[in-house]
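Residue-level structure breakdown
Listed below, chain by chain, are the residues.
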Amino acid sequence: MIGVMGAGAFGTALAIALGKAGHTVNLWCRNADQARDMAELRCNRAYLPNAPFPESLHVTQDLALAAKGTALLIAVPLQSMRAAIADLGAPSAALVACCKGIELHSGLGPTRVLEDTLPGITSAVLTGPSFAADIAIGRPTALTLACADNVTGAVLQQALTTPTLRLYRTSDTVGAELGGALKNVMAIACGAVIGAGLGDSARAATMTRGFAEMQRIGAALGARPETLSGLSGLGDLALTCTSDLSRNYRLGLSLGTGEKFDPSITVEGAATAHAMLRIANEKGLDVPITRTVTELLDGSTTITDAIDALMTRPLKEE
Ligand SMILES: NC(=O)C1=CN([C@@H]2O[C@H](COP(=O)(O)OP(=O)(O)OC[C@H]3O[C@@H](n4cnc5c(N)ncnc54)[C@H](O)[C@@H]3O)[C@@H](O)[C@H]2O)C=CC1
Ligand SMILES: O=C(CO)COP(=O)(O)O
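Predicted, not measured: the structure shown is a model, and the values here were computed from it. (Residues numbered from 1 in each chain as written. Chains lettered and ligands numbered in written order. Predicted model: local features only at pLDDT ≥ 70, side-chain atom pairs only at ≥ 80, totals over all residues. Heavy atoms only, no water.)

1. Structural notes on the nonpolar core
Leu 14, Leu 73, Val 96, Cys 98, Leu 126 and Leu 145 are the most contacted members of the largest nonpolar core, which totals 38 residues. For this core, the leading source of residues is helix H1 (residues 9-20), giving eight residues. Beyond its immediate sequence surroundings of up to four residues, Leu 145 is in contact with Val 96, Ala 124, Val 125, Leu 126, Gly 153, Leu 156, Gln 157, Leu 167, Tyr 168, Arg 169 and Thr 170. By size, the runner-up hydrophobic cluster in this structure holds 31 residues, among which are Ala 187, Leu 228, Ala 275 and Ala 280. (Core = buried A, V, L, I, M, F, W, Y, C linked by side-chain atoms within 4.5 Å. Buried < 20%, exposed > 50% of the residue type's maximum accessible area, 1.4 Å probe, protein only. Helix = DSSP H or I, 4+ residues; strand = E, 2+ residues; numbered from the N terminus. Contact = heavy atoms within 4.5 Å.)

Listed below in structure tokens is the structure:
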């Protein structure tokens with residue numbers, strides 16, 4: 001039995017994939033009207049209207065029920081996760097954060113927020129290149145499951161792998177979380193480049209220098225380089241910086257074109273850019289792309305000025 005907290009796009013997609021693979025899945029939804037609607041329609045029309053629920057997927061508002069079983073997957077935006085899990089108590093299930101980001105006020109990543117809020121729990125993070133829409137309809141996807149405890153990690157890897165969802169395992173939670181968090185910042189930057197009409201060559205340069213920035217941050221914060229070169233870093237960077245399906249990339253596009261962006265859409269990279277810049281400043285790290293993204297978001301620079309500033313930095317070795 002597996003529980004999923006958060007009936008948005010990603011939580012619902014994971015619940016469908018795991019249900020199709022034969023698990024009994026309890027999908028917890030905080031909103032009573034949405035829960036009733038999903039239970040009646042057997043689909044989540046707000047987020048994934050074309051993905052019917054398998055029989056073994058149960059919609060519930062009973063959080064204690066969702067927290068029983070092998071794992072509770074937590075698929076709410078990172079900035080809301082602390083509040084969302086506050087009432088969990090001492091769950092028997094391992095908690096698997098399925099979100100990407102750095103908490104704004106604390107500077108912590110997903111597993112650290114879980115452990116900080118519920119001391120003594122077993123935590124892991126599931127991250128990597130995957131659009132909910134692909135997972136929900138059974139398209140093949142490969143993800144990283146990171147758990148500091150190798151035994152729990154192996155149990156979770158086995159339990160959450162399905163015929164269409166292939167999980168690679170690592171104990172490097174720091175690297176896996178940084179990869180997932182920072183690729184969103186770089187996706188905003190790449191969207192801005194394309195939105196401003198600067199072309200694919202400029203996007204490739206932004207992605208590559210963005211990856212160098214991710215590696216620099218990772219090295220300073222204790223991530224293993226191979227984790228960042230894997231699915232959760234390079235893999236997710238490649239997906240998110242090149243696809244209109246990404247909300248972070250689309251926010252970047254709107255910054256580049258000057259069009260409005262719906263503020264209700266989940267975009268993890270915005271808060272993460274600010275959190276990361278603060279950490280970088282504290283540690284004396286050079287993060288020009290992250291800094292530029294925060295300035296674009298705050299409106300304190302324009303895309304033209306930002307590109308000028310990036311292009312006229314002192315020349316250096318690669
Ligand atoms: N949508 C996607 O393709 C993917 C999303 N993710 C990650 O999954 C996480 C969640 O994103 P999405 O599901 O896409 O967002 P979403 O906007 O589709 O859904 C978020 C859900 O969280 C719920 N929620 C928000 N605050 C809550 C709270 N305090 N208590 C309980 N529920 C709360 C909302 O009601 C909503 O159902 C993000 O960190 C995102 O980066 C990861 C991979 C793919
Ligand atoms: O994390 C994702 C793909 O791996 C989804 O990206 P967005 O949150 O930008 O839509």
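Here the narrative resumes.
2. Some words on the packing of helix H9 (residues 200-221) against helix H14 (residues 288-298)
At a closest axis distance of 8 Å, the pairing of H9 and H14 adopts a crossing angle of 110°. By the criterion of interaxial angle, the relationship of H9 to H14 is roughly perpendicular. Together, Thr 206, Arg 209, Gly 210, Glu 213 and Arg 216 of H9 and Pro 288, Ile 289 and Thr 290 of H14 make up the contact between the two elements. (Axes fitted to C-alpha atoms, helices over the stretch in contact; angles between N-to-C directions. Parallel < 35°, antiparallel > 145°, perpendicular 65-115°, else oblique.)

3. Some remarks on the UniProt feature "domain: Glycerol-3-phosphate dehydrogenase NAD-dependent N-terminal" (unreviewed entry) in the protein
Taking the UniProt record as the reference, the feature "domain: Glycerol-3-phosphate dehydrogenase NAD-dependent N-terminal" (unreviewed entry) is found at residues 2-150. The distance separating the terminal C-alpha atoms of residues 2-150 is 20 Å; by composition the span is 32% helix and 21% strand. (UniProt positions renumbered as here; feature names shortened; annotations may be inferred.)

4. What to know about the domain arrangement of the protein
Taken domain by domain, the protein holds domain 1 (2-171) and domain 2 (174-312). Spacing between the C-alpha centres of domain 1 and domain 2 amounts to 25 Å. Each partner contributes residues to the interface: domain 1 has 29 residues there, and domain 2 has 27 residues. The contact between domain 1 and domain 2 buries some 2,100 Å² in all, and 64% of this surface belongs to carbon and sulfur atoms. The tally of links between domain 1 and domain 2 comes to one salt bridge. Taken together, the connections running from domain 1 to domain 2 amount to six residue pairs in polar contact (both at pLDDT 80 or more). Among the elements that take part in the side of domain 1 that touches domain 2, strand E7 (residues 141-146) stands out by supplying four residues, more than any other. (Domains from an automatic or database assignment. Buried area = accessible area lost by both parts, 1.4 Å probe. Salt bridge = Lys/Arg side-chain N within 4 Å of Asp/Glu carboxyl O. Polar contact = N/O pair within 3.5 Å; in protein donor to acceptor, adjacent residues only side chain to side chain.)

5. Section: the pairing of strand E3 (residues 57-60)
Judged from the four bridges that link them, strand E2 (residues 25-28) and E3 form a sheet pairing that is parallel. Looking at E3, one finds that Trp 28 is bridged to Thr 60. In the classification by handedness, the crossover that spans E2, the intervening helix H2 (residues 32-41) and the parallel E3 is right-handed. (Pairing = 2+ DSSP bridges. Right-handed = clockwise from strand over helix to strand, strands pointing away.)

6. Points about H14
Taken together, the buried positions of H14 are occupied by Pro 288, Ile 289, Thr 290, Thr 292, Val 293, Thr 294 and Leu 296. Where the residues of H14 are buried, they touch helix H8 (173-195), H9, helix H12 (247-257), helix H13 (268-283) and helix H15 (303-311). In the stretch just after H14, Gly 299 is the one whose phi turns positive, near 80°.

7. Some words on the site of ligand 1
The environment of ligand 1 is made up of 21 residues, and the closest members are Ala 9, Ala 132, Arg 247, Thr 266 and Glu 268. Here an oxygen atom of ligand 1 sits 3.1 Å away from a polar atom, N or O, in the main chain of Cys 98. Within the side chain of Arg 247, an N or O atom sits 2.7 Å from an oxygen atom of ligand 1. For ligand 1, whose accessible area on its own is 820 Å², the fraction buried by protein is 87%. Within the residue set of the shell around ligand 1, elements represented by two or more residues are H1 and helix H4 (78-85). In terms of residue class, the shell around ligand 1 is made up of 13 nonpolar, four polar and four charged. Here the shell around ligand 1 gathers at least three residues from each of two domains, domain 1 (2-171) and domain 2 (174-312). (Near = heavy atom within 4 Å. Areas by Shrake-Rupley, 256 points an atom, 1.4 Å probe, with all protein chains shown as cover. Nonpolar A, V, L, I, M, F, W, Y, C, P; charged D, E, K, R; others polar.)

8. Observations regarding the side chain of Asn 26
Position of Asn 26 relative to the elements: it lies in strand E2. Setting aside anything within four residues of it in sequence, one finds Asn 26 in contact with Met 1, Ile 2, Gly 3, Val 4, His 58, Thr 60, Leu 65 and Ala 66.

9. Structural notes on the packing of H8 against H9
Two numbers describe how H8 lies on H9: the axes approach to 9 Å, and their chain directions differ by 155°. Between H8 and H9, the crossing angle belongs to the class labelled roughly antiparallel. Between H8 and H9 the crossing geometry is right-handed. Contacts between H8 and H9 pair Val 174, Leu 178, Gly 179, Leu 182, Lys 183, Met 186, Ala 189, Cys 190, Val 193 and Ile 194 from the former with Asp 200, Ala 202, Arg 203, Thr 206, Met 207, Gly 210, Glu 213, Met 214, Ile 217, Gly 218 and Leu 221 from the latter. Looking at the contact of H8 with H9, its residues break down into 13 nonpolar, four polar and four charged. (Left-handed = near helix turned anticlockwise from the far one by under 90°.)

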